[in-house]
Amino acid sequence: MKTYQSGSVIALLLFCSNALFAQEARVQVENGWIRAVPASLTDSAAFMTLVNNGDHDLRLTGAETKVAAMVMPMTTTREMKDGVQVMGMKRVNRLVVPAHGRLVLAPGGDHLMIMSLKTHPKPGDKVTLTLRFDPGKEEVAVELPVSLTKP
Amino acid sequence: MKKFVWLISGSLLLAGAAMLWLGRNEEKKQSYYAHKFPSAKEAYNLKLTDQDGKPFQLEQLRGKLVLLTFGFTHCPNICPTILGNLAAMYRELPPAAQARTQVVFISVDPERDTPKVMKDYVLPFDGHVIGLSGSAAQIKEAAKAYGVVYERVKQAGGGAGDQYTINHSAYLYVIDQHGRWVALYDYDQIANSERIAKDVQHFLASD
């Protein structure tokens, strides 16, 4: 079941909803963007705010896109080592969007890493990511602008 | 009457001089946003390769305020953010200060970050960033000199088997126009480009 970012479409679907649509993910995506990277690099990242209007936690487990082989949820780590703060990235199985809450994916924090790029979107391009959520393997397609820095 | 005039102007002059003197002290006490070292350290003369493949030495930037940071290009998360913030900081500087400020980005990923990769990487950042790379040994030496900690970590999950990331300390080091390492910013401070721009002008003004 695919739903689109357009608020009006979601509203229409919800209006028409019945028992069949009861399991539909009620998630909105705001202020999303994808980092433009030079052709010599293989990976990029997507950032956005996910809003969960439903009664149950949602787990973002990954995404699909035409421009890359895979999209994985990542978290930014910080640890003290030899007296300095060392930062890193770690893959996680899912990122939780709490019920009636939000999850912010931003540089320096949790994010979606877009790995093994097949094409290199340029600033100004738009790329579609199909986000995957559990429970129920719900899919939400979003079209995100490509930019060098946060728009 | 004349005596009175002399008295008044004399007092005003004295008051003015006192205020100037006090003001000078206040200027010195003005705090920096950066973590300034109690006494300046020696800035290790880095010898690496720039993005045009030419040999680079930190000493060639003497006379400029250098903002030095370490990272790697296969990092769409932290490093572009730092460079983006520094580009914003640079734009906030008056032209005279811009001419005397230099951002330098050093790669801790000698396997992947060649001069060509560095050139592509720093190009979008207003063209005002010098991107340096080197051999594993040179990078190790440079990192040690500035207290940079970094480690290669295999990345779990799918795709090419040898995917890796580099965990690294993400600080910004300030080397003043006299070639002294005087201060640093931690990662969370780097987002405040406005305060860093003020610091830069303050550093440049003090001799």
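Presented here is an overview of the structure given in this document. Source: prediction; values computed, not measured. Each chain carries its own residue numbering, running from 1 in the written order of its sequence. Whichever chain is written first becomes A and whichever ligand is written first becomes 1, with later ones labelled in order. Thresholds applied to this predicted model are a pLDDT of at least 70 for local features of residues and 80 or more for the giving and counting of side-chain atom pairs; totals over whole chains, interfaces and linings are not thresholded and use all residues. Side-chain figures throughout are based on the complete set of non-hydrogen atoms in the structure, without hydrogens or water.

### Quick word on the overall build of chain B
Argument step 1. Here a helix means four or more residues in a row that DSSP labels H or I, a strand means two or more in a row labelled E, and each is numbered from the N terminus. A count of helical and extended segments in chain B gives six helices and 10 strands.
Argument step 2. By the compact-globule yardstick of 17 Å for 207 residues, chain B is too spread out, its C-alpha radius of gyration being 22 Å.
Argument step 3. Each principal axis of the C-alpha atoms in chain B carries an extent, and together these give about 95 × 30 × 30 Å.
Argument step 4. Exposure is judged per residue with a 1.4 Å probe applied to protein chains only, and the accessible area is read against the type maximum: over 50% gives exposed, under 20% gives buried, and values in between give partly exposed. Sorting the 207 residues of chain B into buried and exposed places 49% on the buried side.
Argument step 5. Any pair of residues with heavy atoms lying within 4.5 Å of one another is described as a contacting pair. A separation of at least 24 residues holds for 71% of the contacts in chain B among residues at least 6 apart in sequence.
Argument step 6. Every accessible area reported is derived by Shrake-Rupley at a probe size of 1.4 Å, with residue values counting cover from the shown protein chains alone. Put simply, chain B shows about 10,600 Å² of open surface, and 59% of that area lies on carbon and sulfur atoms.
Argument step 7. In this charge count, Lys and Arg are treated as positive and Asp and Glu as negative; neither His nor the chain ends contribute. By convention, the charge on Lys lies at NZ, on Arg at CZ, on Asp at CG and on Glu at CD. Of the side-chain charges in chain B, 23 are positive and 21 negative, and the distance between the mean point of each set is 8 Å. Within these notes, the globule rule equals 2.2 Å times the number of residues to the 0.38 power, and the radius of gyration is based on C-alpha atoms.

### A closer look at the pattern of salt bridges
Opposite charge on two side chains lets them pair, provided their charged atoms get close.
Argument step 1. Salt bridges are defined by distance alone: a side-chain nitrogen of Lys or Arg within 4 Å of a carboxyl oxygen of Asp or Glu. Tallied over the entire structure, the rule returns nine salt bridges over all chains.
Argument step 2. Arg132(A) serves as the salt-bridge partner of Glu64(A), at 3.0 Å between the closest nitrogen and oxygen. Taken together, the residues span a long stretch of sequence, with Glu64(A) in strand E4 (residues 58–64) and Arg132(A) in strand E10 (residues 126–134) at a distance of 68 residues.
Argument step 3. The exposure class assigned to Glu64(A) is partly exposed, which follows from its relative accessible area of 45%.
Argument step 4. Of the charged contacts, one joins Lys119(B) and Asp52(B) as a salt bridge, the two residues approaching to 2.4 Å between their closest N and O atoms. Here Lys119(B) is found in helix H4 (residues 115–122), whereas its partner Asp52(B) is found in the loop between strand E2 (47–49) and strand E3 (55–57), with 67 residues between them in sequence.

### Some thoughts on the sheet that holds strand E10 (residues 180–185) of chain B
Residue and element names in this part refer to chain B.
Argument step 1. A sheet is described by the order of its strands in space; here six strands give the open sequence E1-E10-E9-E4-E5-E6, paired in mixed fashion. Each end of this open sheet is capped by a strand with a single partner; those strands are strand E1 (35–42) and strand E6 (129–132). Neighbour-to-neighbour, the strand axes of the sheet open up by a mean angle of 25°, direction not taken into account.
Argument step 2. Alignment of strand E9 (residues 172–175) against E10, held across four bridges, turns out to be antiparallel. Pairing of Leu 172 across the sheet is with Tyr 185, part of E10. Paired strands, in this sense, are two strands between which DSSP finds at least two bridges. As a rule, the C-alpha atoms of each element are fitted with a line to give its axis, helices using only the stretch in contact, and angles between N-to-C directions run from 0 to 180 degrees.

### Some thoughts on the interface of chain B and chain A
Argument step 1. Facing the 30 residues of chain B at the interface are 34 residues of chain A.
Argument step 2. Once two parts are joined, some of their accessible surface, as seen by a 1.4 Å probe, is lost; buried area is that loss totalled over both. Between chain B and chain A, the buried area comes to about 2,500 Å², and carbon and sulfur atoms account for 59% of it.
Argument step 3. The tally of links between chain B and chain A comes to two salt bridges.
Argument step 4. Notably, a salt bridge pairs Asp188(B) with Arg78(A), separated by 2.9 Å at the nearest N-O pair.
Argument step 5. Throughout this description, a polar contact denotes any pair of N or O atoms lying within 3.5 Å of each other; where both atoms belong to protein, one of them has to be capable of donating a hydrogen while the other can accept it, and for residues adjacent in sequence the pair is counted only when both atoms sit in side chains. Summed over the shared surface of chain B and chain A, the number is 10 residue pairs in polar contact (both at pLDDT 80 or more).

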